[in-house]
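Inside the fold
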Amino acid sequence: MSSPLFPPTPPDEGNVPSVSHVSEDAGVSGQASAADGQGSPPPPATTAFNCPPPSGAELNGPPPTAPEDEQSPDDESYTTVYESPQPLATLEARDVTAWFGDHMVLDQVSLTMHAGRVTSLIGPSGCGKSTFLRILNRMHQLVPGAAMAGEVLLDGVDIYHPSQRLTQARRDIGMVFQKPNPFPAMSIYDNVVAGLKLTGIKLGRNDKDDLVKECLVKAGLWQEVRGRLRQPGGALSGGQQQRLCIARSLAVRPRVLLMDEPCSALDPTSTRVIEETMADLVREVTIVIVTHNMQQAQRVSQQCAFFLAAQGQPGYIVEYGPTEAMFDNPQDPRTSDYVHGRFG
Ligand code: ADP
Ligand code: MG
């Protein structure tokens, strides 16, 4: 089986920044393809095969660049109609294999992330959880030298199919990073709607006002900021900034929200608020969360996947199932050892 690997970006999308504010420029070197998806390394990419792993800042989403007026999509015809919340979506990864240069870091990972559920990804550092997450919304292809094989289906449609727009995948599948990355100098209000222009959505003033309120309510931040929407996002506490980032993600009406250790930089109170927010959000957005906190995985998720990688070997899923069963009655001794804190 072979699947499309980083299909060339259509010309009209080449300069559209992603909602996650990662430069698209890096994507051009990520178009290497794997021969068969059965573990053979892809042919060498054109550049930066030996690039070092990204710095912490990059892993957490680079410092965002404020969208400017002239940064509208190249293709003026690409104006997305703003839709009401859509039906819940299932995300399915099939035989996902990933490389950085000739280093395979994921080996044929398949996982179904069910509609309307929280799926937690657990496992020791370095086993490919963040890479897997970045593949789920096509951010992996922005890393120089990165390649992948396999399929990612959003309600049955492969987001890597050449007919699928990169911007649509980013819009449908939002991402929240470990380190909150609001635009610090931009107002709270403008932070929430920052993704609209980037994904080609145009709204009138009143609709925008309604949307800002709706998203801040959903992100559990409205009560705390309703009287200071014009103050800069950077003035908020860390936990508030993270909820602002969640609100920003929600504004483009994603169908899936990916969260990479969203609470690991937060205090317990902020963590609790975010967890409560997730419990509400999952009624309309499918959530996938990477967490190193075993208690958090048990509190927030209904499904759980345990990733593991031997030293220098690619990561894979050892076990997957209902979270309760994974923790109370794991089938694999390695899962048992991990969830009971005996390693990792
Ligand atoms: P986790 O999130 O489980 O800690 P990662 O997905 O970050 O794991 O990393 C998986 C493997 O890929 C690790 O060996 C890591 O060093 C490597 N890796 C991650 N990002 C890059 C990169 N940009 N370039 C090269 N190697 C990378
Ligand atoms: Mg990680």
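Residues numbered from 1 in each chain as written. Chains lettered and ligands numbered in written order. Predicted model: local features only at pLDDT ≥ 70, side-chain atom pairs only at ≥ 80, totals over all residues.

What to know about the overall build of the chain
Threshold: In this description a helix means any DSSP run of H or I spanning at least four residues, a strand means any run of E spanning at least two, and both kinds are numbered starting from the N terminus. Here exposure depends only on C-beta density: within 10 Å of a residue's C-beta, 20 or more other C-beta atoms make it buried, 12 or fewer make it exposed, and intermediate numbers make it partly exposed, the C-beta atoms being placed from the backbone. Contacts here follow a simple rule: the backbone-placed C-beta atoms of the two residues must lie within 7 Å.
Across its full length, the chain carries 11 helices and 10 strands. Across the 344 residues of the chain, 47% fall into the buried class. Pairs at least 24 residues apart make up 74% of the contacts formed inside the chain by residues separated by at least 6 positions.

Digging into the nonpolar core
To keep things clear, this is the line we draw: To form a nonpolar core, buried Ala, Val, Leu, Ile, Met, Phe, Trp, Tyr and Cys residues must be joined through C-beta atoms within 7 Å.
Counting residues in hydrophobic clusters, the biggest one holds 84 residues, and the most contacted among them are Leu136 and Ala247. Apart from residues lying up to four places away in sequence, Leu136 is in contact with Leu91, Ala93, Val152, Ile173, Leu258 and Val288.

Digging into helix H4 (residues 188-198)
In terms of burial, H4 is a largely internal element, nine of the 11 residues being buried. Looking at the buried residues of H4, the elements they touch are helix H5 (205-218), helix H6 (222-225) and helix H7 (238-250). Just beyond H4, the residue with positive phi is Gly200, at close to 80°.

Focus: the sheet that holds strand E3 (residues 118-122)
Convention followed: The rule for pairing is simple: two strands pair if DSSP sees at least two bridges between them. Each axis is a line fitted through C-alpha atoms, taken for helices only over the stretch in contact, and angles between the N-to-C directions span 0 to 180 degrees.
Strand order in the open sheet formed by six strands is E6-E7-E8-E3-E9-E10, with mixed pairing between adjacent strands. The two strands at the open ends of the sheet, each matched to only one other strand, are strand E6 (173-176) and strand E10 (316-322). Mean inter-strand twist for the sheet, computed between neighbouring axes without regard to direction, equals 15°. Where E6 lies against strand E7 (residues 256-260), four bridges are found, and the strand directions are parallel. Note on E7: the bridge partner recorded for Ile173 is Val256. Sheet strands touched by helix H2 (residues 129-136): E3, E6, E7, strand E8 (286-290) and strand E9 (303-308). Its angle to E8, the strand with the most contacts, is close to 155°.

Thoughts on the sheet that holds strand E4 (residues 146-154)
Overall, antiparallel pairing links the four strands, which are arranged E2-E1-E4-E5 in an open sheet. Each edge of the open sheet carries a strand with a single partner, namely strand E2 (103-113) and strand E5 (157-158). Sheet analysis places strand E1 (residues 91-100) next to E2, joined by seven bridges and oriented antiparallel. Bridge pairing links Val96 to Val109 in E2.

Details of the environment of His140
Assignment of secondary structure puts His140 in the loop between H2 and E4. For His140, a count of 24 C-beta atoms within 10 Å gives the class buried. When near neighbours in sequence (up to four residues on either side) are disregarded, His140 contacts Ala98, Thr131, Arg134, Ile135, Ala146 and Met148.

Looking at the packing of H4 against H5
Selection rule: Roughly parallel here means an angle under 35 degrees, roughly antiparallel means over 145, roughly perpendicular means 65 to 115, and every remaining angle is called oblique. Think of it as three bins: nonpolar holds Ala, Val, Leu, Ile, Met, Phe, Trp, Tyr, Cys and Pro, charged holds Asp, Glu, Lys and Arg, and polar takes everything else, Gly as well.
Contact geometry of H4 with H5 gives a least axis separation of 10 Å together with a crossing angle of 95°. Overall, the two elements H4 and H5 adopt an arrangement that is roughly perpendicular. Here H4 contributes Tyr189, Val192 and Val193 to the contact with H5, which in turn contributes Lys208, Leu211, Val212, Cys215 and Leu216. Here the residues of the contact of H4 with H5 sort into seven nonpolar, no polar and one charged.

These figures come from the coordinates and say nothing about function on their own.
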